[in-house]
Each structure stands twice: as structure tokens, then as C-alpha cells.
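Spelled out from the first residue to the last, the chains are:
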Amino acid sequence: MNAYDEYMRGIVQPMRQELVDAGFSELTTPEDVNEFMATAKGVSLVVINSVCGCAAGLARPAVREAIAEVKPDHLVTVFAGQDREATAAMRGYFEEVPPSSPSIAILRDGQLEYFIPRDQIEGHPVEQITDHLTGVLKQTCAE
């Protein structure tokens, strides 16, 4: 590992830990992603994490608030720009959606049910994102 990679690993650790502390499992390799997707039954919330400010100030706080109210069956995350292969593997399960990060996917039995791209996160109040995600989770988890 080169000095840059080591530096970035240290920088992003708190960004990773924020979701892990909220109950998310990190999928860091394509094998992790494929194993999860092969066995995921029920509703899964997938956060495509990022180092950007809108992930820190909007996406991660909104996700934490939403899951405090409605908890899907599975909480997983991949980190765009850091775990590139894992992120690409996850995005491969919903290729119809253009890649964006941060973003939030809601899956049922491994199939995409709903997607919140970066343009519905960046520039929006955190309360609006929280309400949006909470509403989608309530509807999806009730079905």
C-alpha cells in the first residue's frame, strides 16, 4: 500500500465508522457484495458512502435518523472511491441507475425497489432527505 492509500484509509475511517456504529455492515470486496446479495431476503438498505460533504452533512445523518424510526431487515454499505471493486459489484445489481455517490438504494430480496441519487441529497435539507427516506422505508417495509 502506498502512502496516499494509507493516508486516505485513515481519513475515511470515521466516515465508515459512522455507519457501522449505526448498525451497518461494510461490504469491502466484490465477494462480500455477492455473498450478501445471494442471501439477502427481505428489505435491505444500501448506502453508497462517499468522502464528500453531502455524505457527511446530509446522507449519513439522514440515514441514521430514518433507521431510528424504521429498521429494514438488512443495513449494508459500500464506500465509493475507497472500495472501488465492491462498489462496482454493488452497482452491478442495479445497472439501470446511473452511478452516483453518495446514494441510497432500497432492495427487496436483492431487487432494486427504490433509489435516492446524489442529486436528491446534495443541496437538500437533511430533514427533507430523512423524511423522504423514512417514507420510502415505511412503505417498503410494510409491503
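Refer to the structure printed above.
As a starting point, this report considers the structure included with it.

Each value, and the rule that gives it
- Residues numbered from 1 in each chain as written.
- Predicted model: local features only at pLDDT ≥ 70, side-chain atom pairs only at ≥ 80, totals over all residues.
- Heavy atoms only, no water.
- Pairing = 2+ DSSP bridges.
- Helix = DSSP H or I, 4+ residues; strand = E, 2+ residues; numbered from the N terminus.
- Contact = heavy atoms within 4.5 Å.
- Axes fitted to C-alpha atoms, helices over the stretch in contact; angles between N-to-C directions.
- Salt bridge = Lys/Arg side-chain N within 4 Å of Asp/Glu carboxyl O.
- Buried < 20%, exposed > 50% of the residue type's maximum accessible area, 1.4 Å probe, protein only.
- Polar contact = N/O pair within 3.5 Å; in protein donor to acceptor, adjacent residues only side chain to side chain.
- Core = buried A, V, L, I, M, F, W, Y, C linked by side-chain atoms within 4.5 Å.

Attention now moves to the sheet that holds strand β4 (residues 103-108). In spatial order, the strands read β1-β3-β2-β4-β5; together these 5 strands make up an open sheet with mixed pairing. This sheet does not close on itself; its edge strands, each paired only once, are β1 (25-26) and β5 (111-116). Direction of pairing for β1 relative to strand β3 (residues 74-79): parallel, over a ladder of 2 bridges. Opposite E26, over in β3, you have T77 as the bridge partner. Taken strand by strand, helix α5 (residues 126-142) contacts β2 (43-49), β4 and β5, and its axis lies near 5° from that of β4.

Our focus in this paragraph is the pattern of salt bridges. Applying the stated criterion across every chain yields a total of 8 salt bridges. In this structure, R64 and E18 form a salt bridge, with 2.2 Å as the shortest nitrogen-oxygen distance. Of the two residues, R64 is situated in helix α3 (residues 53-69) and E18 in helix α1 (residues 3-21); the sequence distance between them amounts to 46 residues. Judged by its relative accessible area of 22%, E18 falls in the partly exposed class. Taking the shortest distance from any N to any O, the salt bridge between R108 and E113 comes out at 3.8 Å. By sharing partners, the salt bridges in this structure join R16, E26 and D83 into a single network.

This next bit is on the side chain of R108. Assignment of secondary structure puts R108 in strand β4. In terms of polar contacts, R108 uses its side chain to reach the backbone carbonyl oxygen of T140, at 2.4 Å.

Our next topic: the environment of D109. In this structure, D109 sits in the loop between β4 and β5. Since its relative accessible area comes to 41%, D109 is described here as partly exposed. Put simply, D109 and K41 are 68 residues apart on the chain and 4.4 Å apart in space, counted from C-alpha to C-alpha. In this view, D109 contacts A40, K41 and G42; residues no more than four positions away in its chain are not counted.

With that out of the way, let us pick up the pairing of β4. The element β4 is largely enclosed, with a buried count of 6 among its 6 residues. Looking at chain direction, β2 and β4 are connected through 6 bridges and run antiparallel. Of the residues in β4, the one forming a bridge with V46 is A105. In this structure, β4 lies alongside β5, joined through 5 bridges in antiparallel fashion. If you follow R108 over to β5, its bridge partner there is Q111. Between the antiparallel neighbours β4 and β5 lie 2 residues, among them D109 with a positive phi of about 50°.

The next subject is the nonpolar core. One finds F24, L45 and L133 to be the most contacted residues of the largest nonpolar core, which totals 25 residues. Within the residue set of this core, elements represented by two or more residues are β2, α3, β4 and α5. Counting residues per element, this core draws most heavily on α3, which supplies 8 residues. Look past the residues within four positions of F24 in its chain and what remains in contact with it is L19, L45, V47, V63, I67, L75, V76 and T77. V33, A40, A89 and F115 belong to the second-largest nonpolar core, a separate cluster that totals 18 residues.

In this section: unusual backbone geometry. At the junction of S101 and P102, the peptide bond is cis and its omega measures out at 0° in the coordinates. Positive phi is not limited to glycine here, since D109 has a value of about 50°.

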